[in-house]
Every structure is written in structure tokens, then in C-alpha cells.
Amino acid sequence: MYQTATDSNNVTADSSAEATPASPQYAEVAFPLRVAQTFTYRLPLALRDDARVGARLLVPFGRKLLTGYIVALHAELDPGVEVAVDEIKDAEELLDAEPLLTPEVLDITRWISDYYAAPWGEVLKAALPAGLNSSIDQILSVTPEGRDELARLSARHLTTAKARALHFIAGKTETTLRALAREIDESRAAKVARDLERAGWITFAHRPKSGSARAKRRKAARLLPPEEHRNGSARALTAAQHRIIEALLANGGEMLFAELLESAGASASTVQTLERRRVVEVFARDVRRDPLANAALPSTDEFTLTEPQSAALGEIEAALAGKSYAAFLLHGVTGSGKTEVYIRAMRAALKQGRTALMLVPEIALTPVFSRRLRAHFSDAVAIFHSSLTIGERFDEWSRLKRGEARVVIGTRSAVFAPVSDLGIIIVDEEHEASYRQQETPYYNGRDTAVVRALKERAVVVLGSATPSLESFHNASGGKYRYLRLPHRIGDLGMAHAEMIDMREVFKESGRHQVFSDQLLAAVEETHARGEQSIILLNRRGYSSFVLCRSCGERIQCPQCDVTLTFHRGDNCLICHYCGHRAPTPSQCPACRGQFIYFIGEGTEQIEEILRKRFPTLRIARLDRDTTSRRNLYEHAILRFAAGELDMLVGTQMIAKGHDFPNVTLVGVVSVDAGLALPDFRAAERAFQLITQVAGRAGRGELAGRVLIQTFHPEHYALRHARAQDYEGFYQEEIRYRKNLSYPPFVALASLLVHGEDLTRVQASAAGLRRALDKANTDRSCRILGPAPAPLSRLRGEHRIQILLKSRSRPRMRAVLDVALADAEATRECDLRAVNVEIDPVNLM
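Residues numbered from 1 in each chain as written. Predicted model: local features only at pLDDT ≥ 70, side-chain atom pairs only at ≥ 80, totals over all residues. Heavy atoms only, no water.

Colleague: I'd like a description of the overall build of the protein, backed by residues and values.
Modeller: A count of helical and extended segments in the protein gives 27 helices and 34 strands. For the protein, the C-alpha radius of gyration of 31 Å lies close to 28 Å, the compact-globule estimate for 844 residues. When its C-alpha atoms are laid out on the principal axes, the protein stretches across 95 × 80 × 65 Å. Considering the protein as a whole, with its 844 residues, one finds that 54% of them fall into the buried category. Total accessible area computed for the protein in this model is approximately 38000 Å², and 49% of it derives from carbon and sulfur atoms. Counting 110 positive and 104 negative side-chain charges, the protein places the averaged centre of each group 3 Å from the other. (Helix = DSSP H or I, 4+ residues; strand = E, 2+ residues; numbered from the N terminus. Rg over C-alpha atoms; globule rule 2.2 N^0.38 Å. Buried < 20%, exposed > 50% of the residue type's maximum accessible area, 1.4 Å probe, protein only. Areas by Shrake-Rupley, 256 points an atom, 1.4 Å probe, with all protein chains shown as cover. Lys, Arg positive; Asp, Glu negative; His and termini not counted. Charge placed at Lys NZ, Arg CZ, Asp CG, Glu CD.)

Take a look at the structure:
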């Protein structure tokens, strides 16, 4: 086996698939590990004809067997690589008759690997639905020869490791290598098992571990044609047999077995008799696990488009007709009808015989959009998000791969959907930070969608009421074509926004108030009119932290550099980063003082206050705590839309994408904490959040009102959000970015060194900085750090951050690549403890 750096391989995954040699001898394999290269294996004769690029291959890796992905096939070794042929290991087993990874997915994952400096194998793993990446169990079974050998052994000979292993395996129908390792010395289990296999006493097989994705199969029955009926089948049929045949005929000749018996009111023996007479056939049928089974679908009434909608749709359809790449930024105020433009653009792509992909930022938005798409496109719609069961995700992915579904809606990972002939990609709420994967492999789903559209000559539409500064900057510079929807449907006015200065509220009352009198009065007036309201606080839990008023001790997470949040419902303190839980203290753990003070508010406390103040209101709270179980969020949203609830209280998940015509009041309890974060995007996020939640009010015929409580009413993000003035905010924020050299004016990379030993982390960060300085020969990069990350300890690991800025993206990548290679070669830094993020959206 030898290593082949992916950067040195000049054959792309796409071209490899087209130029596969007739009889490849070697497979280039990528592993879902943090390694920056691929590995080459010899293909045994039995695998050479069936091996395909994109299939999974089981291969030896060190002392283990690992599943890798074939990314290239070679008839012979690269003559430039100096390696002895006998050093190359043989592959063990081909796991897929048909490749799981399409050429399109291989191509876009290769781009992600190159652009984001991410291991290709990890990206490939992320591109497949959960369950298809399950690890492999090595199954051991005794052979007849092994039983004969065991019979020859006397009890006193069962003390050796081989004899004990053979005895253990023979006592099971089959067992795993893991189970054997627990029975005998774990370090010797693999060697002992191989020795037994070479002796012919056991066999090895490989099988995905339980819980892996597979098709769901159920017993079914179907009618056979008359020519297959056996002699004697013309005998008179019983009444029950007649009912079986009539039920099958009424259902197209085929039914699930249980449904057939229930429909015909017959027994299984009746069907078995017909099966013996070859009148029916009993078989196992794949059954689709439909995420929208029995879901109520909205109406599909056609709306007359406004002039701006018609103009925007016309430009998108013209680009589709040209069948070449085009990128649009659809900037429409909340309630301007962006979704209707999306649906009609997707319909235009389908009319051309092409496919469509729609990305939404959060699982919370998929129920509404997926129902709407299903109403328009029927079973042609497939759904992708992590809240689905493993079986549902596998079924939806399989339907796409077979071409049965031609429209995809999903969250970030849906960008890897195995569709071909892609016509259009819609990225809704394109500004959302949740499009960024916050764990390895790091990538941005929005930017990946743009590149996938470019590679597949498709149209991509980025839609938002509050575009990211980068996207608006690209549109201003002509990189994207700019489409504007400046008004709400029906010429409805935007909600009237007011700022409530909580400093003045404190002066008047002389005490801290969660709700101002003005906001409480507005809630009362709104519901007296039979209208609905939304109350936003982007912080869950009951109290933000716990403080001892005797000694000032704050109760912190033992694993993270953050305070624990009090959750009254669970009666405990919880870390929102690592999940650590601690009992609610009755005294200070430091000084044993009795004066424990709970500070700050979360959505749990907000809900409690409102329920006490307005006992007749029907209130639902929506945050990660209340929606942890599947369908709870969807159920609450549908009840609110139907008027069965009067008020929603929640975090940002209630702020976007929803259309509630009876909502006339939105109250923002506070966004001040978000403005204070040490992140250059803090103001942008606050502006977007307030503008989005304000857009939930006044979407019907009734006027809307937005009340924003803050201690910083003079902040420019809040001023422009109150005025619903995106352009004004953009001009002010873009000047700040330019003056301080932040994106979109520079390329940015974050290197986060982490580990449990602070001294080693500091030494690694210092070594990495030296390597960066050495590589930065022309000073084209500005290097900041190393310095403690804003969250300096997380999940038990210390975190030190280095930032790179450069006006030349190619130079920044060159400096970064050279420095990482040098740091690894000189052992200045363990790269396994370094997270590299290109274009980070969160510097916390």
C-alpha cells in the first residue's frame, strides 16, 4: 500500500468515472478519516470486472478492516511513484454492485475537499445518508473441519488461545471478532482468528453492523396470469377465494399481505391455497417509508403574479432555457412572494425534463415547504433532513438515485442529493449561518450549491429578505444577477416597528422588568381583538446563569468556559455546549452561602410570566427543549396557523419562513446579548433576526406592529431594522468591514488548535504560527494570534485560535498549505488537533 496525495492526482473524479480502464488492477481509495491523502490498493481478480468509481471497498488499514470509497481506478501504477509492488495490499471485498456515489456527487465533494482543505473521505461520508456509512462487523463461523479438530482436542488442550477461540466460535451459530476479543486477550484476537482461518477451521465474512440502512420489505401477494395456473385451478373457487381475487383486481393486481386479508376478510390459509394453485404469488415487496404519509396538503390555487414577481420569474426562466450556468440573488421583503417564484421556476425546470433542488436552512422550515411542494409536484418530491429516520432517509435517497423523484427539498446536506441533469437550485434564506457545517468536514451549503450549479450548467437562485453582505456585494459587483421584490403581495404595508428604551423603563419603575408596560399592554390589546402574537427571545432555558451573592461565584460547566443555564422544567443546570447537567444548588459550592441568585431570562421564564399575566391565552413555546421529539414543532406550527393557539414564544426558529395572516404583534424581548458577541458578524445577525421576525407581523389584511426592547436603541443595526432599511444597513456595515479588513474584502481562514493539555495546545499553536510566518514570505497574509478563542475551553478541550486574512485567496491558500505541511513534517504541530476553516461564519 502506498499513499497518493489527492492534490497530486490530476484526474478528477468525474473524468475517472468516464475513463475507467477495461480491467483495472488498482483502486484509489479515500477514507472517512482526518487524513489528507488517498491510498492505493490492488484489486483481486474477482473484483476487477465489478469495481466502479463511487463504490465502497473493504480494505485492510493498519490492523483493521475499513470501508473506503473508490475515487479512481488505474490499469497500472503511476510510474512516478517509487514503491515496491509487493508493498501494496489487496482489497478484501467490494460492498456495492452499483456505485453509491454518482459522478456529480464525486465532483462536488472533490471541490469541497480542495476548497475547504477537508479530507475527501470525510466529505464523501457526509454526502451519503446515515446508515450507508455503517462500520463492518467481521463474522466468524466454524467449518466442518474446525468441528472435527475441536472433537480431537481433549479438555486439557482447551487452555491455548487458539483452542479457546475455536471452542467459543463453535458454540455459536456465528459470532463477531469483537465478541471473540472480549472472550480472549483482545490484542491477540485478530491474529488468532487469522491463524484459525488459514488452518481452514473457521471462515471470515463481513456484514454491516445492525442499524444500517436498507430497504424495508413486507409480505405481499399478486395475481398471476392465467397461463401460469396449475391444472385443477379451474375448480370452483370458494367465497373467500373469490374475495381475495376481487380485492387484488380492485387494487391493480397486487396488495400487501396484511391489507389483502383485512380487505377480503379472509385467512392466510386461503391465500396459501391460491398460491399452491398458482393463481396468486406471495413475495416480499419493498415498502416506501414516506415522511409525508397522511400529511394534510395545502391548496394549489394559482395566484396572479405581481409585476416584480413576473419580471423575476421571466429572467430565471430565460436562464433555464439557455441551459447554462446563471446565479441570481432574489432580494424580496418578507411577504413579497418569493416562494411562489421558487415553485414556478422549479416547474419550468421539470418541464424541460430536468431536476430541481431546494435548500432550506433549518429542519423547522421543511414541514411547511415540503407539504407545499408535495401539493404541487406529488410523489416527485423527496425530502432530506436529519430528523427523518434512517429508513426514511435511505428510501428518499434511493428514489432520487433511481430517478423516481425529481424534486428535492432539504437542509444543508441535501446539496449532495444524487440527482442528475440538475436544472435549478433554490437556496432559501441564503443568509442563514446554519448553511455552514460547524464540524468536520467544514463547508458552506450555500456556496457549495453555487459551485454545483456552475459545474452542472444549472441555474441557482439565492433568496432572502436580508441577504448576507457577501451575496449582496457579489450582486453589486455583477457576480450574481440581482432580482428585487420591493413590496408585499397585495400592496400590504410593512409592520410598524417601535423601539422601547429599557433604560427609560428602568428609570420609571426603579427595578428590572422583563416586559415593559408598553409591550404587555400591546399583547392585551392584540388578543382582545382576536389576533395572534409572537414573542421572541433568542435564549432558551429559565435563567441565564446562577450567582452567589455572598462571594460572587458563578456556577460554570466543568468541561466548558461557560456558565450553566438553569432549566426549571428539568430542575437542573445545563451546559448548552456539551450537555453537562448538574443539580440545582441550594447553597454556593464555593463558600456554602445560602444566597443563590438566578440571573437573566430564557424562553422558559418568558412563557411562565406570560401565562401568569394572561391565563386565558393559549400559548406554545418553541425552542430546542420543547421540540426535541419529532413532529412536536410541526404540530405546534400547524395549530398556530389554524388559530388553535393565541401566542408563540420562542427562539429564532419562529422568526423566519412562516406565513401567519392573523399575527399582528411581534415582541422582541431583547437582542442585546447577540450584539455584544466578539464576532464581526454580530451586528449583521442581529439586524437579520429582527427584520425576519418583524416580517411575521401584518401579513394579512390587518396592520402589523413590532415592539423591540433594548438598552441600546442607538445601535445602527437596530435603527435600520426598525426602519426595515436593508440598503441603509448594508452601506454602514460594508464601510466597517472594509476599514477593518473583513469579508467580503479579504479571504479569511481560522485555525483552531485544541486539546486537553493546555501546555501542548499552546506549544502546537506557537509552532503553527512559526510555520505560517515562514511560509508567508511575501507578507501577503496578515496573521493574527495565537490567542485564546472567545470560548477558550469547550467539551474538556482548550482552544487557541489563529486567523489569516489576505486580499488574495490563492496566496492565502498557498501559505496555509505550505505551513501545514511544514508543521507536520517538523512535528511542530499535530494536525489532528487543528481545525482548519476556510470562510468561517462563526469565530466563537
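Colleague: I'd love a proper account of the sheet that holds strand S13 (residues 326-332), names of residues and values included.
Modeller: As a general point, the strands of a sheet are linked pairwise by backbone hydrogen bonds and lie either parallel or antiparallel. Spatially, S15-S16-S14-S17-S18-S13-S19 is the arrangement adopted by the seven strands of the open sheet, whose pairing is parallel. Two strands lie at the open edges of the sheet, namely strand S15 (381-384) and strand S19 (481-485), each paired on one side alone. Here the strands of the sheet are splayed against their neighbours by 15 degrees on average, with no regard to which way each runs. Note that S15 and strand S16 (residues 407-410) share four bridges and pair parallel. Looking across to S16, one finds that Phe 384 is bridged to Gly 410. (Pairing = 2+ DSSP bridges. Axes fitted to C-alpha atoms, helices over the stretch in contact; angles between N-to-C directions.)

Colleague: Could you give me a rundown of the pattern of salt bridges, with the residues and numbers involved?
Modeller: According to the stated counting rule, one finds 55 salt bridges in the structure shown. Between Arg 621 and Glu 607 there is a salt bridge whose closest N-O contact spans 2.7 Å. Of the two residues, Arg 621 sits in strand S27 (residues 619-622) while Glu 607 sits in helix H20 (residues 603-613), which places them 14 residues apart along the sequence. The exposure class of Glu 607 is buried, given its relative accessible area of 13%. Where Arg 737 meets Glu 684, a salt bridge forms, and the shortest distance between an N and an O atom there is 2.7 Å. With Arg 737 in helix H25 (residues 726-739) and Glu 684 in helix H23 (residues 682-694), this pair connects stretches of sequence that are 53 residues apart. Just as Arg 737 is buried, Glu 684 falls in that class too. In this structure, a network of salt bridges that share partners links the residues Arg 288, Asp 290, Arg 374, Asp 379, Glu 396 and Arg 399. (Salt bridge = Lys/Arg side-chain N within 4 Å of Asp/Glu carboxyl O.)

Colleague: With reference to specific residues and values, describe unusual backbone geometry.
Modeller: Going from Pro 743 to Pro 744, the amide bond is cis rather than trans, its omega being 15 degrees. Looking at where Pro 744 falls in the secondary structure, it is placed in the loop between H25 and strand S31 (747-755). Pro 786 follows Gly 785 through a cis peptide bond whose omega is 10 degrees. In this structure, Pro 786 sits in strand S32 (residues 781-794). Unlike most non-glycine residues, Asp 421 shows phi in positive territory, near 50 degrees. The class for Asp 421 is partly exposed, based on a relative accessible area of 45%.

Colleague: An account of the sheet that holds strand S34 (residues 834-838) is needed here, citing residue identities and associated values.
Modeller: Spatially, the four strands line up as an open sheet ordered S32-S33-S31-S34, and their pairing is antiparallel. Edge strands, defined here as strands with exactly one partner in the open sheet, are S32 and S34. Neighbour-to-neighbour, the strand axes of the sheet open up by a mean angle of 20 degrees, direction not taken into account. This element, helix H26 (residues 758-775), spans S31, S32, strand S33 (797-806) and S34 of the sheet and lies at about 15 degrees to S33. (Contact = heavy atoms within 4.5 Å.)

Colleague: Residue-level account of the nonpolar core, with values.
Modeller: Across soluble globular proteins, nonpolar side chains have a tendency to be buried as a group. Counting residues in hydrophobic clusters, the biggest one holds 131 residues, and the most contacted among them are Leu 57, Ile 534, Leu 648, Leu 751, Leu 768, Leu 772 and Leu 804. Considering each element in turn, this core owes the most residues, seven residues, to H23. Excluding anything up to four places from it in sequence, Leu 648 contacts Ser 533, Ile 534, Ile 535, Ala 620, Leu 622, Ile 637, Phe 640, Ile 654 and Phe 660. Ala 326, Val 341, Met 346 and Phe 369 belong to the second largest nonpolar core, which has 38 residues in total. (Core = buried A, V, L, I, M, F, W, Y, C linked by side-chain atoms within 4.5 Å.)

Colleague: Can you explain the side chain of Gln 709? Please cite residues and give values.
Modeller: Structurally, the position occupied by Gln 709 is in strand S30 (residues 705-710). Of note is the side chain of Gln 709, whose polar atom sits 2.9 Å from the backbone oxygen of Val 514. Here Ser 516 takes part through its backbone nitrogen, which lies 2.9 Å from a polar atom of the side chain of Gln 709. (Polar contact = N/O pair within 3.5 Å; in protein donor to acceptor, adjacent residues only side chain to side chain.)

Colleague: Residues and numbers for H26, please.
Modeller: Under the 1.5 Å per step criterion, the end-to-end length of H26 is 26 Å for 18 residues, consistent within 8% with the ideal 26 Å. Looking at H26, one finds that the buried residues are Val 761, Ser 764, Ala 765, Gly 767, Leu 768, Ala 771, Leu 772 and Ala 775. All buried residues of H26 fall inside an arc of 165 degrees around its axis, so they share one side. Facing away from the buried side of H26 by more than 90 degrees, the exposed set consists of Thr 759 and Lys 774. Close packing links the buried residues of H26 with S31, S32, S33, helix H27 (809-825) and S34. For H26, the N-terminal cap is Asp 757; the gap from its side-chain oxygen to the backbone nitrogen of Thr 759 is 3.0 Å. (Expected span 1.5 Å × (residues − 1). Arc of directions from axis to C-beta.)

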